[in-house]
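A structural walkthrough
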Amino acid sequence: MGETMKDYEKMLEESYSLMGDGVHDTDTLLAWRRAEELKESQENITVIVSEVVKGGVVADFEGIRAFIPISKLSLERIDNCDSFLGEELEVRVFEADMDEDKLILSAKEILKEKQEISRKKKISDVSVGQVFHGVVATLKDYGAFIDLGDGLSGLVHISQISHKRIKHPGVVLKEGQEVDVKVIEIKDGKISLSIKDLLDNPDDLELEENEVVIPESEEIGTSLGDLLKGFKIES
């Protein structure tokens, strides 16, 4: 379930104070109506952070005090909001409650969408057969996720790790290990990779090590005399 007003109730109570006696003038009523419309349309708006408070930051929206929780400021974990003071943020209305004089904004959804657009653009520049030098990010029973850098990642299925059958990717790989991988498929925005395609087949190596050199056909004697040559037959 998504976050609701109750999730922020404690933070809001600490960071908000009712304006006056709670009676709104015409401009404020119009601003709240605008906020409610924006909540429905999820249109992007721009605000400037005017204050850092416990649990997030505050910005002005057409005369209304708006709260942006720390969890809605970035895609990354934030422990301190001081760097956001005075910053211009692109946000959407997350919650609007005129009766409580509480307006919550969020930048997180916009950042997610921009990140996804950027990722798709980067993927469009990747081609099958391309080789990357990456880092093993996560190991799963079914394969390994490889960090390719520049915000890209791909999956090496367990069947594409080694020429030999392995029970778990951890038999061959470990998190943090640098590996060379080859792109073997790009489908539905996902990159499939292979490690074994860049490795020599150990079966082929075994054949080379145990290779038997067979002489040219003209060097092979086929007559009975040739086969018995050098042997003395006792009468």
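Summarised in this report is the structure supplied together with it. (Residues numbered from 1 in each chain as written. Predicted model: local features only at pLDDT ≥ 70, side-chain atom pairs only at ≥ 80, totals over all residues. Heavy atoms only, no water.)

1. A word on a negative patch on the surface
Taken together, the side chains of Glu36, Glu37, Glu40 and Asp99 present a region of like negative charge at the surface. Here Asp99 is to be found in the loop between β4 (88-97) and β5 (102-106). For Asp99, a relative accessible area of 69% corresponds to the exposed category. (Patch = residues over 30% accessible without salt bridge, like charges linked within 9 Å, V, L, I, M, F, W, Y side chains within 5 Å. Areas by Shrake-Rupley, 256 points an atom, 1.4 Å probe, with all protein chains shown as cover. Salt bridge = Lys/Arg side-chain N within 4 Å of Asp/Glu carboxyl O. Lys, Arg positive; Asp, Glu negative; His and termini not counted. Charge placed at Lys NZ, Arg CZ, Asp CG, Glu CD. Helix = DSSP H or I, 4+ residues; strand = E, 2+ residues; numbered from the N terminus. Buried < 20%, exposed > 50% of the residue type's maximum accessible area, 1.4 Å probe, protein only.)

2. Side note on the sheet that holds strand β1 (residues 45-53)
Spatially, 5 strands are ordered β1-β2-β3-β5-β4 in a closed barrel, and the strand pairing comes out mixed. When strand polarity is set aside, the average angle formed by the axes of neighbouring strands in this sheet is 50°. Sheet topology places β4 next to β5; 5 bridges connect them, and they run antiparallel. Its bridge partner being in β5, Glu95 is matched across the sheet by Ile104. Against the sheet, helix α2 (residues 26-41) contacts β1, β2 (56-61), β3 (64-69), β4 and β5, and its axis sits at roughly 100° relative to β4. (Pairing = 2+ DSSP bridges. Axes fitted to C-alpha atoms, helices over the stretch in contact; angles between N-to-C directions. Contact = heavy atoms within 4.5 Å.)

3. Things to note about the pattern of salt bridges
Throughout the structure, instances matching the rule amount to 10 salt bridges. With a closest N to O distance of 3.8 Å, Glu43 and Arg34 form a salt bridge. Across the pair Glu90 and Lys114 runs a salt bridge, and its minimum N-O distance is 2.8 Å. With a gap of 24 residues between them, Glu90 in strand β4 and Lys114 in helix α3 (residues 108-124) connect regions that are remote in the sequence. The exposure class of Lys114 is partly exposed, given its relative accessible area of 47%.

4. Describing unusual backbone geometry
If you check the backbone angles, Asp101 has positive phi at about 55° while not being a glycine. Mapped onto the elements, Asp101 comes out in the loop between β4 and β5. A relative accessible area of 6% means that Asp101 is categorised as buried. Even without a glycine there, the phi angle at Asp150 is positive, about 55°. Residue placement: Asp150 occurs in the loop between β7 (143-149) and β8 (152-157). We classify Asp150 as exposed; its relative accessible area is 58%.

5. Focus on the sheet that holds strand β6 (residues 131-140)
If you walk around this closed barrel you meet the 5 strands as β6-β7-β8-β10-β9, and the pairing is mixed. Within this sheet the neighbouring strands show an average axis-to-axis angle of 50°, counted without direction. In the sheet, β7 pairs with β8 via 6 bridges, with the strands oriented antiparallel. Considered in β8, the bridge of Gly149 is made with Leu152.

6. A closer look at the packing of aromatic side chains
Enumeration according to the criterion identifies 1 aromatic pair in this entry. Relative to Phe145, the ring of Tyr142 lies with its centre 6.3 Å away and its plane at 90°, an arrangement referred to as edge-to-face. Relative accessible area serves as the criterion here: at 29%, Phe145 is assigned to the partly exposed category. (Phe/Tyr/Trp six-rings, centres within 6.5 Å; stacked < 30°, edge-to-face > 60°.)

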